[in-house]
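Tertiary structure, described
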Amino acid sequence: MTSNSDKECILVLQGGGALGSYQAGVFEALSKVYREPTWMAGISIGAINCALIAGNPPHQRVARLREFWELVSSSQAAPSLASAPLRELLNEASASQAMLFGVPGFYAPRFPPAPLQPRGTLEAISYYDTAPLRKTLERLVDFDRINAGPMRLSVGAVNVRSGNFEYFDSSKQRIDVRHIMASGALPPGFAPVEIDGEHYWDGGLVSNTPLQYVLDQPGDQQRTVFQVDLFAAAGALPATLAEVTEREKDIRFSSRTRLNTTMELDRQVIAQAAQRLLAKLPPELRRDPDARALARLRCEGGVDVVHLIYRSKHYESQSKDYEFSRLSMEEHWDSGRADMAHTLHDARWTGRERNAHGVRVFDLASNA
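Residues numbered from 1 in each chain as written. Predicted model: local features only at pLDDT ≥ 70, side-chain atom pairs only at ≥ 80, totals over all residues. Heavy atoms only, no water.

Next up on the list: the UniProt feature "short sequence motif: GXGXXG" (unreviewed entry) in the protein. UniProt's entry tags residues 15-20 with the feature "short sequence motif: GXGXXG" (unreviewed entry), counted in the numbering of this structure. A helix fraction of 0% and a strand fraction of 0% characterise residues 15-20, whose end C-alpha atoms lie 7 Å from each other. (UniProt positions renumbered as here; feature names shortened; annotations may be inferred. Helix = DSSP H or I, 4+ residues; strand = E, 2+ residues; numbered from the N terminus.)

With that out of the way, let us pick up the packing of helix α2 (residues 45-54) against helix α3 (residues 61-72). Running from N to C, α2 and α3 cross one another at 135 degrees; their axes reach a closest spacing of 8 Å. By the criterion of interaxial angle, the relationship of α2 to α3 is oblique. The residues of α3 that touch α2, namely those facing Ile45, Ile48, Asn49, Leu52 and Ile53, are Arg61, Arg64, Leu65, Phe68 and Trp69. For the contact of α2 with α3, the per-class residue count stands at seven nonpolar, one polar and two charged. (Axes fitted to C-alpha atoms, helices over the stretch in contact; angles between N-to-C directions. Parallel < 35°, antiparallel > 145°, perpendicular 65-115°, else oblique. Contact = heavy atoms within 4.5 Å. Nonpolar A, V, L, I, M, F, W, Y, C, P; charged D, E, K, R; others polar.)

With that settled, the discussion passes to the pattern of salt bridges. Scanning the model with the defined rule gives 22 salt bridges in all. In this structure, the salt-bridge partner of Asp176 is Arg178, at a minimum N-O distance of 2.8 Å. Judged by its relative accessible area of 22%, Asp176 falls in the partly exposed class. Residues Lys320 and Glu246 are paired through a salt bridge, measuring 3.2 Å at the closest nitrogen-oxygen approach. Linking Lys320 in the loop between β10 (303-309) and α13 (326-345) with Glu246 in helix α9 (residues 241-253), this pair joins segments that are 74 residues apart in sequence. Its relative accessible area of 15% is what places Glu246 among the buried residues. Several salt bridges share partner residues, and in doing so they unite Glu28, Lys32, Asp334 and Arg337 into one network. (Salt bridge = Lys/Arg side-chain N within 4 Å of Asp/Glu carboxyl O. Buried < 20%, exposed > 50% of the residue type's maximum accessible area, 1.4 Å probe, protein only.)

What follows is about the side chain of Arg223. Inspection of the secondary structure puts Arg223 in strand β9 (residues 223-229). In this structure Arg223 comes out as buried when scored by relative accessible area, which is 5%. Here Glu8 takes part through its side chain, which lies 3.1 Å from a polar atom of the side chain of Arg223. A distance of 3.0 Å separates a polar atom in the side chain of Arg223 from the backbone oxygen of Val214. Those residues within four positions of Arg223 in sequence are excluded, and the remaining contacts are Glu8, Ile10, Trp39, Val214, Gln217, Pro218, Gly302, Val303 and Asp304. (Polar contact = N/O pair within 3.5 Å; in protein donor to acceptor, adjacent residues only side chain to side chain.)

Right, here's the structure in full:
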């Protein structure tokens, strides 16, 4: 394992429901081949994976991820040798089962259903009860470790009342099970989670990735950010209405990684230009309010963003993010592990030079 102790290693995990086992496979390869992160940031299922990692000691992290994903995929099975058309039917059956009967250790249908619940209650505005997820997280995650350990944890959620995005960050506040559940409370399936008098929904309603939040945080060290997405922004023109639904979901929940990194690069260029300009000014002009405002622009260390994106199988459909079959979970996990291993052994990654300033993006798994 490469130590790279002089760098900050950050793992950024997107939301995507059942596709989240891809992120678990990525982490397994990352921790074995490269190093474990110093900072975890996640949205929705990404926040759950982040908590499972940050809330356990290094030697137990992969095992805890495996325990969670085997639990939530424990009630479905599909033959591994099924043809593509049959596999598509089996996946749809598995997704329907999750909708009708819930997912073990995750959520269960409300009874009576939401329309029959008292108006104004949380039960009246959500189809499923996430009490099973709370029990699972309390059993598998050590929140004392999250709040006292060396690994930083940040998760994003949306304030239902104000509509504002908010990040809960262990470097700034104490994190508990409510913050993780709030990040994954996607309406109308799940009820908002109350935290200190405010109610929060899934952060993916505003942004399905914490990348911009990470880039906005000040830091002088060189940073390596592993951005793991579960929906691909690029894709083919749909041929059927079912494919339209899937493509719409991919676009809606995909991360704008290129946009975020381009904005950060432009910001760094402006900050460096501002510092050069200030150095040319006489002392009396440097005290001008406009000059002082320019001086606050940060020139930070370089950022390498390693971008991994789950690529859907041709038999997966718009239900792929709530299709929890064991076979699909294993396939997603294996894909994440293979993509991360390929990336970390690619000559363009292993042979890169140190980046003093600015942002570089490595999207190497797409070429595998």
